[in-house]
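So the chains spell out like this:
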Amino acid sequence: MCAGLLLFGTLGHAGARSDTTRSRPLVERPGCSSGLNDTGHFEQASTTGALQQDITLQVPATALVRVDDGGHVLAALTNTGCAPRPGDDLFYVHPNGSIDAATMRALAHHPWVGDFTIAGVYVLQDR
């Protein structure tokens, strides 16, 4: 899992957006407020053609939040197309590249801004 987070964080960092406009609106994919099931996961069900077998895949909603040495939020990425929210598996990415688990409580009042509709891309945050 850690290796996956490291790769996810590295790929997201490579695609960081350079838009630094202040007070940008929050843009999320449709259904962000209603897309979670009761376990806090996004679900996608599909049926394979000839087998007619239902397959359900659950992917935990995950957010990586880049912070500076003072713990201030610099950028965030998610795998959902939504801004970080309660129920996400949340991780801080520090300037030295270390990653540690975090709680949404610390970010409960953070005013997320920018376009989160592309999963896996860091979205710069206003400071």
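Residues numbered from 1 in each chain as written. Predicted model: local features only at pLDDT ≥ 70, side-chain atom pairs only at ≥ 80, totals over all residues. Heavy atoms only, no water.

Visitor: Describe the overall build of the chain, listing the residues and the values that go with them.
Guide: Across its full length, the chain carries one helix and nine strands. For the chain, the succession of helices and strands along the chain, N to C, is α-β-β-β-β-β-β-β-β-β. When the 127 residues of the chain are sorted by exposure, 36% land in the buried category. Across the chain, the fraction of contacts at a sequence separation of at least 24, relative to all contacts at a separation of at least 6, is 61%. Of the accessible surface of the chain, which amounts to about 7,600 Å², a share of 57% is contributed by carbon and sulfur atoms. (Helix = DSSP H or I, 4+ residues; strand = E, 2+ residues; numbered from the N terminus. Buried < 20%, exposed > 50% of the residue type's maximum accessible area, 1.4 Å probe, protein only. Contact = heavy atoms within 4.5 Å. Areas by Shrake-Rupley, 256 points an atom, 1.4 Å probe, with all protein chains shown as cover.)

Visitor: Please set out the confidence of the model for the chain residue by residue, giving values where relevant.
Guide: Per-residue pLDDT for the chain has a mean of 78; in total, 68% of the residues score no lower than 70. Counting contacts from residues 1-7, a segment whose pLDDT is below 50, to residues more than four positions away or on other chains yields seven contacts. Confidence drops under a pLDDT of 50 for residues 35-42, and excluding neighbours within four residues, the segment shows 20 contacts in the predicted structure. (pLDDT = per-residue confidence, 0-100.)

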